[in-house]
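Chain by chain, the residues:
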Amino acid sequence: MFKKALTILFVCGMTSFTQAQTNSSFKSWAETPPMGWNSWDCYGSTVTEAEVKKNADYMAAKLKKAGWEYVVVDIRWFVENDKAGGYNQTDPRYVMDEYGRYLPYDGRFPSAPGGKGFKALADYVHNKGLKFGIHIMRGIPVEAVKRKLPIKGTQGITADQIYTTDLQCKWLRDNYTIVADKPGAQEYYNSILELYASWGVDFIKVDDLSRPYHKGEIELIRKAIDRTGRKIILSTSPGETPVADANHVKEHANMWRMVDDVWDVWKDLVHLMDVAQGWYAYTAPGTWPDCDMIPLGRIAIRGERGKDRMTRLSKDEQVSLMTFFTIFRSPLMFGGDLPSNDAFTLSLLNNKEILKMHKDGVEVRQLFMENGKVAITSRNSKTGERYLALFNIGDKDAATISVDLKALGIGNEYKAKELWTGETIKGSGATFSKQLEAHASKVFSITGK
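Bear in mind that the values here come from a model prediction, so they are computed numbers and not experimental data. (Residues numbered from 1 in each chain as written. Predicted model: local features only at pLDDT ≥ 70, side-chain atom pairs only at ≥ 80, totals over all residues. Heavy atoms only, no water.)

S.K.: Help me get a handle on the pairing of strand E16 (residues 386-392), residues and values and all.
M.R.: Each regular strand displays side chains that alternate between the two surfaces of the sheet. Most of E16 sits out of view: seven of its seven residues are buried. Across the two faces of E16 the burial is the same, with Arg386, Leu388, Leu390 and Asn392 and Tyr387, Ala389 and Phe391 all buried. Bridging between strand E15 (residues 373-380) and E16 involves seven bridges; their strand directions are antiparallel. For Ile376, the partnering residue across the bridge sits in E16 and is Ala389. (Buried < 20%, exposed > 50% of the residue type's maximum accessible area, 1.4 Å probe, protein only. Helix = DSSP H or I, 4+ residues; strand = E, 2+ residues; numbered from the N terminus. Pairing = 2+ DSSP bridges.)

Structure, rendered in structure tokens:
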């Protein structure tokens, strides 16, 4: 009897713990913007386990102390015969279980056979003191629908009973849309998140949720994550999430894409800055508008666009990209192959002052974006120092960019430190001005004297 009572107490205690964990706010899981590496820019849909491990090794050795922690396997890890430079949509061979849930292809992930999934790879990443993530497409596999596979956790409901061809992803046709209010819809998402949680997944990037905005499926995913009792960061992607849906997305996801893929071309950054104007008000602990991956370092080894290369952005353009991503407080997901980094690329990722601004900045706002000139400011929540980033996004001429110090709450006497170079300036006057070459930027911490 005593043993039975202890068992009941233990079970009840575990149930209460799980419920408490599930009911805790998911926003507390990402109080600062997530930072990590994603395999897409350099390996497209063909990344291997060995390549993931090498990037994890580099992150643990050179970036973990600076706050980088997520290692994310991007798209189509479940296709046996995918290709570089795009997708095989002619005769893809999928790996999935009896419940229509994708499994890693063991030809690229040799630790996966026998139903192990990503458990061993996640353990490897965790043992480095890092966190593990994966990419999926929204919806249910077309193959599962064709085969009428059962949905785990239901009594007799099959995949063909919860799908629609409406709003099927146009650029990758692996999955159908799930009808959110169909019996079995929630259970299917529950089943895949339960599987991912058992593998040790800490981050999930769910694709094709934003254009159009799939409110119903986003809510299913949120509920499924919370049901697992595991802290799994939710990243919605890709495309321009409608600002009209800002209040909904911030109540369901930790981060959401503002634009389509950002590549190593200057116009992509300018477009991103323009779109971001609608999102400054929604940057908050736990919920982050996402600038997309950082297309720096060595990319397109087997990527979607172009040949194997170091980023095509000039050094000034690379600094401008990193300055914008960090002062805006976007999640930072590096897209290049980390072991291939040169010293300059590494310096963009581990600058302590820049990362302090990224982590501790609050009250982020754009002062202006006009005539090829951009000024953005924030305040350090711990020290009170003001940050000011200046950009010349014009294509030809140098430009002088001036900011009224009153807009920063700074008097006529000031001390400024350029965060990339460490150069310190003392000055006086009503305005703060700097001349910048085309595509160049500078970012300062400024305090009054």
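S.K.: Before we move on, could you go through the sheet that holds strand E21 (residues 441-448) and cite the residues and values that matter?
M.R.: If you walk across this open sheet you meet the six strands as E14-E15-E16-E21-E18-E19, and the pairing is antiparallel. The two strands at the open ends of the sheet, each matched to only one other strand, are strand E14 (361-370) and strand E19 (424-428). With direction set aside, neighbouring strand axes in the sheet form an average angle of 25 degrees. Of the strands in this sheet, E14, E15, E16 and E21 are in contact with helix H10 (residues 315-328), which crosses E16 at around 145 degrees. Contacting E14, E15, E16, strand E18 (413-418) and E21, helix H12 (residues 352-360) crosses the sheet at an angle of about 100 degrees to E14. (Axes fitted to C-alpha atoms, helices over the stretch in contact; angles between N-to-C directions. Contact = heavy atoms within 4.5 Å.)

S.K.: Now, about the environment of Val52: what can you tell me, with residues and values included?
M.R.: Summarising the element assignment, Val52 is placed in helix H3 (residues 49-62). With 21 residues separating them along the chain, Val52 and Val73 place their C-alpha atoms 7.3 Å apart. The contacts of Val52, once residues within four sequence positions are left out, are Trp37, Val47, Val71, Val73 and Leu121.

S.K.: Describe the sheet that holds strand E13 (residues 332-334), with residues and values.
M.R.: Here we have eight strands laid out as an open sheet, ordered E10-E9-E8-E7-E3-E2-E1-E13, and parallel in their pairing. Since the sheet does not close on itself, it has two edges, and those belong to strand E10 (288-290) and E13, each with one partner. Adjacent strand axes in the sheet meet at a mean angle of 25 degrees when their direction is disregarded. Seen against the sheet, helix H4 (residues 119-127) touches strand E2 (70-73) and strand E3 (131-137) and runs at an angle of roughly 140 degrees to E3.

S.K.: Describe the packing of aromatic side chains, and please don't skip the residues or the numbers.
M.R.: Applying the stated rule across the entire model yields 22 aromatic pairs. With 5.6 Å between their ring centres and 65 degrees between their planes, Trp279 and Tyr282 make a pair best called edge-to-face. Tyr282 gets classed as partly exposed once you look at its relative accessible area, which sits at 22%. Joined through ring pairs, the aromatic side chains of Trp77, Phe78, Tyr94, Tyr102, Phe109, Phe118, Phe132, Tyr196 and Trp199 make up one cluster. Just above the ring of Phe26 sits the side chain of Arg222; from NZ or CZ to the centre is 4.0 Å. (Phe/Tyr/Trp six-rings, centres within 6.5 Å; stacked < 30°, edge-to-face > 60°. Lys NZ or Arg CZ within 6 Å of the ring centre and 35° of its normal.)

S.K.: Describe the pairing of E2, naming the residues involved and giving the relevant values.
M.R.: Of the two faces of E2, the one carrying Tyr70 and Val72 and the one carrying Val71 and Val73 are both buried. Looking at chain direction, strand E1 (residues 35-38) and E2 are connected through three bridges and run parallel. Across the sheet, the residue bridging to Trp37 is Val71, located in E2. The sheet contact formed by E2 and E3 spans four bridges and is parallel. Across the sheet, Tyr70 pairs through a bridge with Lys131, a residue of E3. In this view, the connection linking E2 to its parallel neighbour E3 by way of H4 has right-handed handedness. (Right-handed = clockwise from strand over helix to strand, strands pointing away.)

S.K.: Give a description of the pattern of salt bridges that names residues and reports values.
M.R.: Enumeration according to the criterion identifies 32 salt bridges in this entry. In this structure, Glu251 engages Lys27 in a salt bridge whose closest nitrogen and oxygen atoms are separated by 2.9 Å. Of this pair, Glu251 sits in the loop between helix H8 (246-249) and strand E9 (255-257) while Lys27 is found in the loop between helix H1 (2-23) and E1, placing the two residues 224 residues apart along the sequence. Judged by its relative accessible area of 38%, Glu251 is partly exposed. With a relative accessible area of 22%, Lys27 lands in the partly exposed category. Between Asp202 and Arg230 there is a salt bridge whose closest N-O contact spans 2.7 Å. On the criterion of sequence distance, the pair formed by Asp202 in the loop between helix H6 (185-199) and strand E7 (203-207) and Arg230 in the loop between helix H7 (215-228) and strand E8 (233-236) is long-range, its members being 28 residues apart. By relative accessible area, which is 25% here, Arg230 ends up partly exposed. (Salt bridge = Lys/Arg side-chain N within 4 Å of Asp/Glu carboxyl O.)

S.K.: Before we move on, can you summarise the packing of H3 against H4 with the specific residues and values?
M.R.: Relative to each other, H3 and H4 sit at 15 degrees, their axes nearing to 10 Å. In terms of orientation, H3 lies roughly parallel with respect to H4. Helix-helix and strand crossings are classified by hand; for H3 and H4 the assignment is right-handed. Contacts between H3 and H4 involve Glu49, Val52, Lys53, Ala56 and Asp57 on the former and, on the latter, Leu121, Tyr124 and Val125. Taken together, the residues of the contact of H3 with H4 break down into five nonpolar, no polar and three charged. (Parallel < 35°, antiparallel > 145°, perpendicular 65-115°, else oblique. Left-handed = near helix turned anticlockwise from the far one by under 90°. Nonpolar A, V, L, I, M, F, W, Y, C, P; charged D, E, K, R; others polar.)

S.K.: Describe the UniProt feature "domain: Alpha galactosidase C-terminal" (unreviewed entry) in the protein chain, naming the residues involved and giving the relevant values.
M.R.: In the numbering adopted here, UniProt assigns the feature "domain: Alpha galactosidase C-terminal" (unreviewed entry) to residues 372-445. Secondary structure content for residues 372-445 is 0% helix and 58% strand, and the end C-alpha separation is 23 Å. (UniProt positions renumbered as here; feature names shortened; annotations may be inferred.)

S.K.: Give me the lowdown on the nonpolar core, citing residues and values where you can.
M.R.: Judged by nonpolar contacts, the single largest core of 126 residues is most densely connected at Trp68, Trp77, Tyr196 and Phe324. Per element, the largest residue contribution to this core is nine residues, and it comes from H6. Shared between two domains, this core holds at least three residues of each, these being domain 1 (26-350) and domain 2 (367-448). Excluding its chain neighbours within four sequence positions, the residues that come into contact with Trp68 are Met35, Gly36, Met59, Leu63, Leu130, Ile294, Leu332, Phe334, Leu349 and Leu355. By size, the runner-up hydrophobic cluster in this structure holds 17 residues, among which are Ala375, Leu388, Ala416 and Phe432. (Core = buried A, V, L, I, M, F, W, Y, C linked by side-chain atoms within 4.5 Å. Domains from an automatic or database assignment.)

S.K.: Describe the environment of Ile410, naming the residues involved and giving the relevant values.
M.R.: Secondary-structure assignment places Ile410 in the loop between strand E17 (399-404) and E18. When the C-alpha positions of Ile410 and Val362 are compared, they lie 17 Å apart, and in sequence the two are 48 residues distant. Setting aside residues no more than four positions away along its own chain, Ile410 makes contact with Arg386, Leu405, Ile446, Thr447 and Gly448.

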